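Breakdown of the fold
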Amino acid sequence: MARVIVLDAGVLIAANDPRDAHHASASAFIEAHAERGLAAPGVTLAETLVHAVPVGLLSDLLEDYEILGIQPLDVPGVAAGTIARIRAETRLRMPDALVVYVCEREQAELATTDHALAKVATARGIPVHDLTRRE
């Protein structure tokens, strides 16, 4: 059975913004892998929606995520210690530490546009799709 693929905020932001340098690769990746199962922590999804609010596109973007089958993944409060440890050990920003936590918990693959996150995830044994380079 194929693993779910967790998307970081950079992938979703790039897919939603035709001006983003990674737009083409992020959009193509999401389209090609939608049937496999795509997911993101709820906080990551919220991060990608911030810019849609002032321009009145929040509902449209949420609908797009639903159509694509991007599943929001909860992060329970009891995981706080584990997430803090990941952040302290890796020096990743908190949103990226959350993504690493979810990938490890779900035994998921990661799709990212962030080299630092890709490097940390790879070192921790998470299969990575680095959308800044050709696979």
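The structure this text deals with has already been given above.
Residues numbered from 1 in each chain as written. Predicted model: local features only at pLDDT ≥ 70, side-chain atom pairs only at ≥ 80, totals over all residues. Heavy atoms only, no water.

**Side note on helix α7 (residues 115–123)**
Taken together, the buried positions of α7 are L117, A118, V120 and A121. Buried positions in α7, seen along its axis, are confined to an arc of 170° and lie on one side of it. For α7, the exposed residues lying more than 90 degrees away from the buried face are H115, K119 and A123. On the buried face of α7, the contacting elements are α5 (80–90), α6 (94–106), β4 (109–112) and β5 (128–130). The N-cap of α7, judged by a side-chain oxygen 2.9 Å from the amide nitrogen of A116 a few residues on, is D114. Directly after α7, the chain includes G125, whose backbone phi takes a positive value near 90°. (Buried < 20%, exposed > 50% of the residue type's maximum accessible area, 1.4 Å probe, protein only. Helix = DSSP H or I, 4+ residues; strand = E, 2+ residues; numbered from the N terminus. Arc of directions from axis to C-beta. Contact = heavy atoms within 4.5 Å. Polar contact = N/O pair within 3.5 Å; in protein donor to acceptor, adjacent residues only side chain to side chain.)

**Some details on the packing of helix α1 (residues 9–16) against helix α2 (residues 23–33)**
The interhelical angle for the contact between α1 and α2, taken along N-to-C directions, is 105°, at an axis separation of 7 Å. Put simply, α1 runs roughly perpendicular to α2. Within the contact between the two elements, α1 uses V11, L12, A14, A15 and N16 and α2 uses H23, A26, S27 and I30. When the residues that make up the contact of α1 with α2 are grouped by side-chain class, the tally is six nonpolar, three polar and no charged. (Axes fitted to C-alpha atoms, helices over the stretch in contact; angles between N-to-C directions. Parallel < 35°, antiparallel > 145°, perpendicular 65-115°, else oblique. Nonpolar A, V, L, I, M, F, W, Y, C, P; charged D, E, K, R; others polar.)

**Describing unusual backbone geometry**
Unusually for a residue other than glycine, R91 sits at a positive phi of about 65°. Tracing the sequence through the fold places R91 in the loop between α5 and α6. Classification of R91 as exposed rests on a relative accessible area of 75%. Of note in the backbone geometry, Q107 takes a positive phi value of approximately 50° without being a glycine. Along the chain, Q107 turns up in the loop between α6 and β4. Owing to a relative accessible area of 61%, Q107 belongs among the exposed residues under this scheme.

**With respect to the environment of P127**
Secondary-structure assignment places P127 in the loop between α7 and β5. Relative accessible area serves as the criterion here: at 29%, P127 is assigned to the partly exposed category. Along the backbone, P127 and E35 are 92 residues apart, and their C-alpha atoms lie at a distance of 18 Å. Ignoring sequence-local partners within four residues, the contact set of P127 consists of R3, A108, E109 and L110.

**Brief notes about the side chain of D8**
Residue position: D8 is located in the loop between β1 (5–7) and α1. For the buried residue D8, which engages in no salt bridge, the nearest side chain bearing the opposite charge is R93, 6.8 Å off. In this structure D8 touches T44, V99, L110, A111, T112, T113, D114 and L117, once residues within four positions along its chain are discounted. (Lys, Arg positive; Asp, Glu negative; His and termini not counted. Salt bridge = Lys/Arg side-chain N within 4 Å of Asp/Glu carboxyl O.)

**Some details on the packing of α1 against helix α3 (residues 42–49)**
Interaxial distance between α1 and α3 falls to 9 Å at its minimum, and their mutual angle equals 35°. When you trace α1 past α3, the crossing you get is right-handed. Of α3, the residues touching α1 (which contributes A9, L12 and I13) are T44, L45, E47 and T48. Among the residues making up the contact of α1 with α3, the classes are represented as four nonpolar, two polar and one charged. (Left-handed = near helix turned anticlockwise from the far one by under 90°.)

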